[in-house]
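# Residue-level structure breakdown
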Amino acid sequence: VQLQASGGGLVQAGASLRLSCAASGDTFNLPALGWFRQAPRKEREFVAAIRRSGDRLYYGDSVKGRYTISRDRAKNTMYLQMNNLKPEDTAVYYCAAGHAILSTVTTPTAYRYWGQGTLVTVSS
């Protein structure tokens, strides 16, 4: 399983970005796919997750209503649409995959596979 995140960049507050996570192998057969972020001197934070079935979506409180997670099985790609970006959204964003269950979907250690991260910088 390999994950490759892309789409980060420098934007102004209020702008939008879409991150992509290209996956190899049987990644989309794993129970959960997720996005996390880590800002300097902060712990890794849960952003969003989607279950294998695609019918269950989860979001961190700080991004709820602004971010949307989705995936395209035909393209083996997961996306994170980020709208109304704020300076506090600045972080390295990581995509992840693993056997997270309902009670652990927000926990980084529940995901075995990680992409390399893509930097999102939001200026005020």
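Note: the structure precedes this text.
Along every chain, residues carry numbers that run from 1 in the direction the sequence is written. Only residues with pLDDT of at least 70 get local features here, since the model is predicted, and only at 80 or more are side-chain atom pairs given and counted; chain-wide, interface and lining totals rely on the full set of residues. Derived side-chain values reflect all non-hydrogen atoms in the structure, with water molecules and hydrogen atoms excluded from consideration.

### Focus: the overall build of the chain
We count it as follows: Numbering goes from the N terminus for both helices and strands, where a helix is a DSSP run of H or I of at least four residues and a strand is a run of E of at least two. The reference for a compact globule is 2.2 Å times residues^0.38; the radius of gyration itself is calculated from the C-alpha atoms. In this scheme, a residue with accessible area under 20% of its type's maximum is buried, one over 50% is exposed, and one in between is partly exposed, where area comes from a 1.4 Å probe on protein chains only. Charge counting follows a simple rule: Lys and Arg are positive, Asp and Glu are negative, and His as well as the terminal groups are ignored. Where a charge lies is defined by one atom per residue type: Lys uses NZ, Arg uses CZ, Asp uses CG and Glu uses CD.
When you go through the chain residue by residue, the secondary structure sums to zero helices and eleven strands. Scanning the chain from its N terminus toward the C terminus, one meets helices and strands in the order β-β-β-β-β-β-β-β-β-β-β. In terms of overall dimensions, the chain is globule-like: its C-alpha atoms have a radius of gyration of 13 Å, near the 14 Å expected for 124 residues. For the chain, the spread of C-alpha atoms along the principal axes amounts to about 40 × 30 × 25 Å. Counting only residues that meet the buried cut, the chain has 43% of its 124 residues in that class. Within the chain, the 8 negative side-chain charges are centred at a point lying 3 Å from the centre of the 15 positive side-chain charges.

### Quick notes on the sheet that holds strand β3 (residues 17–23)
We count it as follows: For two strands to be treated as a pair, DSSP must find no fewer than two bridges joining them. Think of each axis as a best-fit line through the C-alpha atoms, taken over the contacting stretch in the case of a helix, with angles from 0 to 180 degrees between the N-to-C directions.
Pairing is antiparallel across the open sheet formed by four strands, whose spatial order is β1-β3-β8-β7. The sheet is open, and its two borders are formed by β1 (3–6) and β7 (67–72), each paired with just one other strand. Shown here is a sheet whose adjacent strand axes are inclined to one another by a mean of 15°, direction ignored. Note that β3 and strand β8 (residues 77–82) share six bridges and pair antiparallel. Across the sheet, Ala-22 pairs through a bridge with Thr-77, a residue of β8.

### Some points on the environment of Asp-61
In plain terms, the rule: Here a polar contact means two N or O atoms within 3.5 Å. Within protein one must be a hydrogen donor candidate and the other an acceptor candidate, and residues neighboring in sequence count only if both atoms are side-chain atoms.
Along the polypeptide, Asp-61 turns up in the loop between β6 (57–59) and β7. Note on Asp-61: relative accessible area 68%, which makes it exposed. Sequence spacing of Asp-61 and Ala-48 is 13 residues, and the spatial spacing of their C-alpha atoms is 9.6 Å. Side-chain polar atoms of Asp-61 contact the side chain of Lys-64, separated by 3.2 Å.

### What about the environment of Gly-54?
Within the secondary structure layout, Gly-54 lies in the loop between β5 (45–51) and β6. With relative accessibility at 29%, the residue Gly-54 sits in the partly exposed group. On a C-alpha basis, the gap between Gly-54 and Asp-72 in space is 9.8 Å, while along the polypeptide they are 18 residues apart.

Distances and angles like these do not, on their own, reveal function.
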